[in-house]
Amino acid sequence: TDLETVKPKVKEVFQANRVYVFLMPAANGVCQSQKLLALIDGKLTDAVTKIKAVGLDASAIETKMATAKTDATAAYTAYLLVLNNPGGGDAVNKAKMAEAKTSMQAVRKALGDIKSDIGNLIGDYRKKIKANADATVPPE
C-alpha cells in the first residue's frame with residue numbers, strides 16, 4: 001500500500017534471485033573460453049605445423065600453447081560450474097568467477113606471448129631467406 005511496505009518485499013525478491021547476476025557473465029565466459037580453445041587447436045596448431053615444416057624451432061611456442069590450453073580449459077570449467085550450479089550464495093559465485101577470470105587473463109597473456117614469438121620467428125626466417133638470396137646473387 002505504500003513505499004515502505006514494498007521495499008522489504010522488493011529486497012527479498014532481489015536477494016532470492018541474485019544468482020542471475022552471475023549467469024550472463026558466466027555464459028559469456030563459457031563462449032569466450034571455447035573460442036580461445038578453438039583458436040589454440042585450430043589456427044595456432046596450423047601455424048606451429050607450418051613453422052616446423054620450414055625447419056624452425058617452435059618448442060617454446062608449443063609449451064606456451066599447452067599452458068594456454070590448460071588455462072582456457074580451467075576457465076571454461078569454472079564458468080560452466082557457475083552455469084550448472086549457480087547456487088551457494090554470492091561469496092561462492094564470486095570466488096568461482098574470480099578463478100575463471102584469472103584463468104582467462106593467463107590465457108590472454110600467453111596468447112599475446114605466442115603472437116610475439118611467432119612474429120619474431122617469421123622475422124628471423126625472412127632475414128635468413130633474404131641473406132641466403134643475397135649470397136646466391138652473383139656480383140655485377
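Chemist: I would appreciate a short explanation of helix H3 (residues 59–84) in the present structure.
Modeler: Along an α-helix, residues three or four apart share an orientation, since each turn contains 3.6 residues. For H3, built from 26 residues, the straight-helix expectation of 38 Å at 1.5 Å per residue is met to within 8% by its first-to-last C-alpha distance of 37 Å. Turning to H3, its buried residues number three or more, namely Ile61, Met65, Ala68, Asp71, Ala72, Ala75, Ala78, Tyr79 and Val82. Here the buried face of H3 lies against helix H2 (20–53) and helix H4 (89–136).

Chemist: How do you make sense of the side chain of Asp71 when you look at a structure like this?
Modeler: With respect to the secondary-structure elements, Asp71 resides in helix H3. Buried Asp71, no salt bridge; nearest opposite-charge side chain is Lys109, N-O distance 9.9 Å. Filtering out sequence-adjacent residues up to four positions away, Asp71 remains in contact with Ser103, Ala106 and Val107.

Chemist: Teacher, can you tell me more about the nonpolar core here?
Modeler: Generally speaking, a soluble globular protein has its nonpolar side chains buried in company with each other. By size, the foremost hydrophobic cluster in this structure holds 28 residues, and its most contacted members are Leu44, Ile51, Ile61, Met65, Tyr79, Leu111 and Ile114. The set of elements that each furnish at least two residues to this core consists of H2, H3 and H4. Residue contacts for Met65: discarding those within four places in its chain leaves Ile40, Leu44, Thr45, Val48 and Ile114.

Chemist: Sorry if this is basic, but what is going on with the packing of H2 against H4 here?
Modeler: Two measures define how a pair of helices packs: the angle their axes make with one another and the distance between the axes. Relative orientation of the contacting elements H2 and H4 amounts to 25 degrees, with a least axis distance of 11 Å. What the angle tells us is that H2 and H4 run roughly parallel. As H2 runs across H4, the sense of the crossing is left-handed. When H2 is examined against H4, the residues Phe22, Pro25, Ala26, Gln32, Ser33, Leu36, Leu39, Ile40, Leu44, Ala47 and Ile51 are found in contact with a partner set consisting of Asp90, Asn93, Lys94, Met97, Met104, Val107, Arg108, Leu111, Ile114, Ile118 and Leu121.

Chemist: Looking at this structure, how should I read the confidence of the model for the chain?
Modeler: For residues with low pLDDT, the predicted coordinates do not support detailed interpretation. With 93% of its residues at a pLDDT of 70 or more, the chain shows a mean pLDDT of 87. Within the chain, no element has a lower average pLDDT than helix H1 (residues 3–16), which sits at 79, and none a higher one than H3, at 93.

Chemist: So what exactly am I meant to see when it comes to the pattern of salt bridges here?
Modeler: One side chain can pair with another of opposite charge once the charged atoms of both are near each other. Tallying each qualifying case throughout the model produces five salt bridges. Asp41 is paired through a salt bridge with Lys69; the nearest N and O atoms lie 2.9 Å apart. Placement of Asp41 in helix H2 and of Lys69 in helix H3 is noted, with a sequence separation of 28 residues between them. Exposure remark for Asp41: the relative accessible area of 42% places this residue in the partly exposed category. In this structure Lys69 comes out as partly exposed when scored by relative accessible area, which is 34%. When the shortest N-O distance is used, the salt bridge between Lys109 and Asp113 registers 3.0 Å.

Basis of the calculations
- Residues numbered from 1 in each chain as written.
- Predicted model: local features only at pLDDT ≥ 70, side-chain atom pairs only at ≥ 80, totals over all residues.
- Heavy atoms only, no water.
- Helix = DSSP H or I, 4+ residues; strand = E, 2+ residues; numbered from the N terminus.
- Expected span 1.5 Å × (residues − 1).
- Buried < 20%, exposed > 50% of the residue type's maximum accessible area, 1.4 Å probe, protein only.
- Contact = heavy atoms within 4.5 Å.
- Lys, Arg positive; Asp, Glu negative; His and termini not counted.
- Salt bridge = Lys/Arg side-chain N within 4 Å of Asp/Glu carboxyl O.
- Core = buried A, V, L, I, M, F, W, Y, C linked by side-chain atoms within 4.5 Å.
- Axes fitted to C-alpha atoms, helices over the stretch in contact; angles between N-to-C directions.
- Parallel < 35°, antiparallel > 145°, perpendicular 65-115°, else oblique.
- Left-handed = near helix turned anticlockwise from the far one by under 90°.
- pLDDT = per-residue confidence, 0-100.

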